[in-house]
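Given next are the chains, with one letter for each unit.
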Amino acid sequence: MRRLDLRGNAEAMIEWPNVTESGRRELGLKPEELQKSRCVLGSIPVVYYSVLLCIGVPVNVLTAVALSRLACRTKRALYYYLLAVTASDILSQLFIIFVGFLLETAVFHREVPALLLHCVSAAEFAANHASIWSTVPLTVDRYVALCHPLLHRQISYPARARRIILAVLALSLVSGVPFFWWSDMWRNSHPPTALDTALVWTHVTIIYFLPCSIFLVLNSLIIRTLRRRQRQQPCQEEPGPQPAPARRLGKTTAMLLAITSAFSVLWAPRTVVVIYHLYAASVHSDWRVHLAYDLSNMLAMLNTAVNFFLYCFVSKAFRSSVRDIVLLRGGPLFPRSAPPQPHAPNNASISSLYSGSNKRSHREWRPGKPS
């Protein structure tokens, strides 16, 4: 990397290898023996991450406030899962972008105690796992809602959603502990050890292969179910009350597909580069791998700031909530009248059976004269 020197002297533009002085002494390497990996992008990553942090954190905070309002008003588990995804994105921005990229790399040039590096590494991986795996309960919830609606009405409610979210966050925190021993690819030039290989494959499995497999299977089942319902809808005799729920489910499904697709696309390059670094060429020695790793990290971190725009594009309720917050005209979080009506669409298919039969029984009884 190029060392960033705020004093502005002539040494600021000297290209230094990706091994610090302490690492050079430990390895016993001379400067001429080191293969330099040039940082082709220069200061572009620092500017990029600074802009991403300045935009992403306020946008995610706004998203969290809007989703919390919707969760309090509707009592739908969907908004609690989306709120968990947003909170995890904020943690990723703080730990990975602010602490990892900006403070450690740009400000301190990774010249910090090794223990602190390892602790921050474990926190970064924990935040990363939480950001990704918070989307998995959302996907499962949408799958159950669309493919097994009766079961969804029984098992999906805010209290259960909060317990699931807490369990996911706890597991993410635990899963970050092994990455305390993650090898610093910027500092270490030795070939990867067995521990490095195990950690890399564990990393790419947790953050990409396993969640993407879940997304692919469940989203495929959701799409197949929706297509089957579309084919069956023209054959139904009474299609009157059904178009509105279909549109609502379609918007929710579109939001889910947008979130999972954005993650799959933005994280794919980093997964490929990490595996390539492990087996083919090192970031430390090859400037092309260095460049690819920088670009892939930039794309992956973009995923922490795009969900707000996806929600605005898909959800009218979210746009209205954001508009009320921005214009400072939001009312109380809880509606004044205790309405069973907002919950009525969720239980329409069950309650209508009973209400309809009761109404028919009343209609059959009322014409009769009392004896």
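What counts as what
- Residues numbered from 1 in each chain as written.
- Predicted model: local features only at pLDDT ≥ 70, side-chain atom pairs only at ≥ 80, totals over all residues.
- Heavy atoms only, no water.
- UniProt positions renumbered as here; feature names shortened; annotations may be inferred.
- Helix = DSSP H or I, 4+ residues; strand = E, 2+ residues; numbered from the N terminus.
- Expected span 1.5 Å × (residues − 1).
- Phe/Tyr/Trp six-rings, centres within 6.5 Å; stacked < 30°, edge-to-face > 60°.
- Buried < 20%, exposed > 50% of the residue type's maximum accessible area, 1.4 Å probe, protein only.
- Core = buried A, V, L, I, M, F, W, Y, C linked by side-chain atoms within 4.5 Å.
- Contact = heavy atoms within 4.5 Å.
- pLDDT = per-residue confidence, 0-100.

- Per an unreviewed UniProt entry, the protein goes by Probable G-protein coupled receptor 142 isoform X2 and derives from Betta splendens.
- Under the heading Subcellular location (unreviewed entry), UniProt records this for the protein: "Cell membrane".

**Thoughts on helix H2 (residues 44–74)**
Phase 1 of the analysis: Taking 1.5 Å as the rise per residue, H2 with 31 residues should run 45 Å; its terminal C-alpha atoms sit 43 Å apart, in good agreement.
Phase 2 of the analysis: Among the residues trailing H2, Lys75 stands out with phi positive, at a value near 55°.

**What to know about the packing of aromatic side chains**
Phase 1 of the analysis: Across all of its chains, the model carries 14 aromatic pairs by this definition.
Phase 2 of the analysis: Aromatic side chains Phe125 and Phe179 sit 4.4 Å apart centroid to centroid with 15° between the ring planes, which places their arrangement in the stacked category. Of the two residues, Phe125 is situated in helix H4 (residues 114–133) and Phe179 in the loop between helix H7 (158–175) and helix H8 (194–232); the sequence distance between them amounts to 54 residues. With respect to class, Phe125 is no different from Phe179; both count as buried.
Phase 3 of the analysis: Consider the rings of Phe180 and Trp181, whose centres lie 5.2 Å apart with planes at 75°: the pair is edge-to-face.

**Thoughts on the nonpolar core**
Phase 1 of the analysis: Counting residues in hydrophobic clusters, the biggest one holds 28 residues, and the most contacted among them are Leu82, Leu138, Tyr311 and Phe318.
Phase 2 of the analysis: Mapped by element, the contributors of at least two residues to this core are H2, helix H3 (77–107), helix H5 (135–147), H7, helix H9 (243–279), helix H11 (307–314) and helix H12 (316–326).
Phase 3 of the analysis: It is H3 that contributes the most residues to this core, 8 residues altogether.
Phase 4 of the analysis: Dropping the residues within four chain positions of it, Leu138 is found in contact with Leu78, Tyr81, Leu82, Leu256 and Ile259.
Phase 5 of the analysis: Within the second largest apolar cluster, 20 residues are counted, among which are Leu41, Val136, Phe263 and Trp267.

**Section: the confidence of the model for the protein**
Close inspection of predicted coordinates is inappropriate for parts of the model with low pLDDT.
Phase 1 of the analysis: Mean pLDDT for the protein: 78, with 71% of residues reaching 70 or above.
Phase 2 of the analysis: Predicted confidence is poor over residues 242–248, with pLDDT under 50, and the contacts of this stretch with residues over four places away or in other chains come to 4 contacts.

**Some thoughts on unusual backbone geometry**
For residues other than glycine, phi is negative in most cases, and the peptide bonds are mostly trans.
Phase 1 of the analysis: With phi around 55°, Lys75 is a residue other than glycine that occupies positive phi space.
Phase 2 of the analysis: You can see Lys75 is positioned in the loop between H2 and H3.

**Some remarks on the UniProt feature "transmembrane region" (unreviewed entry) in the protein**
Phase 1 of the analysis: As annotated by UniProt and renumbered to match this structure, "transmembrane region" (unreviewed entry) occupies residues 46–67, 79–103, 161–181, 201–223, 256–279 and 291–314.
Phase 2 of the analysis: The distance separating the terminal C-alpha atoms of residues 79–103 is 33 Å; by composition the span is 100% helix and 0% strand.
Phase 3 of the analysis: Annotation note: span residues 201–223, helix share 100%, strand share 0%, distance between end C-alpha atoms 31 Å.

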